[in-house]
Amino acid sequence: MPAPKLGMWLGLLGVVIFSLTLPMTRLATGSAADPQLSGIFIAMGRATVAGLLSALLLVAQRAGLPARSDWQLLGLTALGAVFGFPLFTSIAMRHVESVHASVMLGVLPLTTAAIGAWAHKQRPSLGFWVCASLGSALVVGFAVLRSGQTGLSLHWADGVLLAGMGWAALSYVTGAKLSARMPAEHVICWALVISLPVSLPFCVWALPDTTIRATSWMGFAYVSLFSMWIGFFAWYRGLALGGTVRVSQIQQLQPFMSMLISVPLLGEQLDLMTVGFGLAVMAAVMAGKRMPIYERSGPIS
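Residues numbered from 1 in each chain as written. Predicted model: local features only at pLDDT ≥ 70, side-chain atom pairs only at ≥ 80, totals over all residues. Heavy atoms only, no water.

(A) Structural view of the overall build of the chain. In terms of regular secondary structure, the chain is built from 13 helices and three strands. Against the globule reference of 19 Å for 301 residues, the chain gives a C-alpha radius of gyration of 19 Å, in line with a compact fold. Each of the three principal axes of the chain carries a C-alpha extent, and together these read 60 × 50 × 30 Å. Out of the 301 residues in the chain, the part that is buried amounts to 52%. For the chain, the proportion of contacts with a sequence separation of at least 24, taken over those separated by at least 6, is 90%. Carbon and sulfur atoms provide 69% of the accessible area of the chain, an area that totals close to 13,100 Å². (Helix = DSSP H or I, 4+ residues; strand = E, 2+ residues; numbered from the N terminus. Rg over C-alpha atoms; globule rule 2.2 N^0.38 Å. Buried < 20%, exposed > 50% of the residue type's maximum accessible area, 1.4 Å probe, protein only. Contact = heavy atoms within 4.5 Å. Areas by Shrake-Rupley, 256 points an atom, 1.4 Å probe, with all protein chains shown as cover.)

(B) Seen up close, the environment of L110. Note that L110 resides in helix α6 (residues 108-119). The class for L110 is partly exposed, based on a relative accessible area of 25%. Along the sequence, L110 and Q252 sit 142 residues apart, while their C-alpha atoms lie 8.8 Å from each other. Contact partners of L110, with chain neighbours within four places excluded, come to W129, A132, S133, S136 and Q249.

(C) Just helix α1 (residues 3-18), in detail. Over its 16 residues, α1 extends 22 Å from the first C-alpha to the last, a length consistent with the 22 Å expected when each residue adds 1.5 Å. Among the residues of α1, those classed as buried are G7, M8, G11, G14, V15, I17 and F18. (Expected span 1.5 Å × (residues − 1).)

(D) Local environment of the side chain of S216. For S216, the location among the structural elements is in helix α10 (residues 214-242). Among the polar contacts listed, one links the side chain of S216 to the backbone oxygen of L27, at a separation of 3.0 Å. Excluding its chain neighbours within four sequence positions, the residues that come into contact with S216 are L27, A28, Q36 and L37. (Polar contact = N/O pair within 3.5 Å; in protein donor to acceptor, adjacent residues only side chain to side chain.)

(E) Layout of the pattern of salt bridges. Scanning the entire structure with this criterion turns up two salt bridges. The partner of D34 in a salt bridge is R213, with the nearest N and O atoms 2.5 Å apart. Highlighted residues: D34 in the loop between α2 (21-29) and α3 (39-60) and R213 in the loop between α9 (184-205) and α10, separated in sequence by 179 residues. R181 serves as the salt-bridge partner of D70, at 2.7 Å between the closest nitrogen and oxygen. (Salt bridge = Lys/Arg side-chain N within 4 Å of Asp/Glu carboxyl O.)

(F) Spotlight on unusual backbone geometry. Of note, the phi angle at R62 is positive, near 50°, even though the residue is not glycine. Counting through the fold element by element, R62 comes out in the loop between α3 and α4 (71-92). Look at R62 and you get exposed, because its relative accessible area is 78%.

(G) Structural context of a nonpolar patch on the surface. Residues I40, I91, W156, V198, F202 and W205 make up a contiguous nonpolar surface patch of about 610 Å² in total accessible area. It is α9 that contributes the most residues to the nonpolar patch, three residues altogether. Turning to its location among the elements, V198 is positioned in helix α9. (Patch = residues over 30% accessible without salt bridge, like charges linked within 9 Å, V, L, I, M, F, W, Y side chains within 5 Å.)

(H) Representation of the environment of F233 in the model. Locating F233 in the fold gives a position in helix α10. C-alpha of F233 to C-alpha of P183: the two residues are 50 residues apart in sequence and 8.6 Å apart in space. Discounting chain neighbours no more than four positions away, the residues touching F233 are L57, A184, E185, I188 and C189.

(I) Broad picture of the nonpolar core. In terms of nonpolar packing, the biggest core is built from 72 residues, with V82, Y172, L192, F232, W235 and Y236 touching the most fellow members. With sequence-adjacent residues up to four places away left out, F232 is seen in contact with F18, A81, Y172, I188, S227 and R237. One finds A113, F128, V245 and I293 within the second-largest nonpolar core, a separate group that totals six residues. (Core = buried A, V, L, I, M, F, W, Y, C linked by side-chain atoms within 4.5 Å.)

(J) The arrangement of the packing of aromatic side chains in detail. Enumeration according to the criterion identifies twelve aromatic pairs in this entry. Of the aromatic side chains, those joined through ring pairs into one cluster are F18, Y172, F232, W235 and Y236. (Phe/Tyr/Trp six-rings, centres within 6.5 Å; stacked < 30°, edge-to-face > 60°.)

(K) Expanded view of the side chain of D70. Its location among the elements puts D70 in the loop between α3 and α4. What makes D70 buried here is its relative accessible area of 5%.

(L) Molecular detail of the packing of α1 against α10. Two numbers describe how α1 lies on α10: the axes approach to 7 Å, and their chain directions differ by 160°. When the interaxial angle is binned, α1 and α10 end up roughly antiparallel. Every pair of crossing elements has a handedness; the one defined by α1 and α10 is left-handed. From α1, A3, P4, L6, G7, L10, G11, L13, G14, V15, I17 and F18 reach across to α10, where they touch Y222, F226, S227, I230, G231, F232, A234, W235, R237, G238, L241 and G242. Broken down by class, the residue content of the contact of α1 with α10 amounts to 15 nonpolar, seven polar and one charged. (Axes fitted to C-alpha atoms, helices over the stretch in contact; angles between N-to-C directions. Parallel < 35°, antiparallel > 145°, perpendicular 65-115°, else oblique. Left-handed = near helix turned anticlockwise from the far one by under 90°. Nonpolar A, V, L, I, M, F, W, Y, C, P; charged D, E, K, R; others polar.)

Here it is as structure tokens:
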């Protein structure tokens, strides 16, 4: 299978895994009226669990130390993937519903594409930006309409979510660059291992001292094992093989996948509007996939 096509499929697998992140985080945190695990414990705890598993994997595979030139990128990846996105989203998800959070999630692919184009010295075509902007606008528009029943109000948690999306986009770009010269699983593993001196003490400090529901622990287990670890294996490799700018647009489907999962998990409703907007976003993603992306020397796709 050609590398760009394989990259798209791996990117899709990563998005499927990540699509449970917000619903599972909401399950773990509970609501403001019925709080469960704290945002700090979820963020630091998932990093600790995945970090310890990463250390075992690196030892088992006898992985060598990263090159000296890679440590800066690993640090940036850790800041975004291990601390920034998990911490901000875990704090915010106690105060906003998953539908509301998808408003912010809709800007992530476009943010990743912009940072990726700058980092890789690429110049996406006008057609690509039109498709990416249209897809993002559809995602945001859908979330606004879905929130219309209770009103879409400005909340401090919105700013926290936006900050989380920015950190996520940065980590996707730096992780993809590292995955081009080391195994994708080693990228996230090293980022998690170097984070353990911070994540482990804060995890112990934030341990809950009250009874927590089993379902909340289930949500925590998912974000620790899949969202924080396994999902990145596929996602970083997909970004490296298929190109950060192009593969990142698959993530426009993530809010709708989260909606589908939220039906049985959180009791949300699925209607024709969801299906219609989902098909429209898929069309925008497919159109964007066909648009050229240029380097200084000429087109690369």
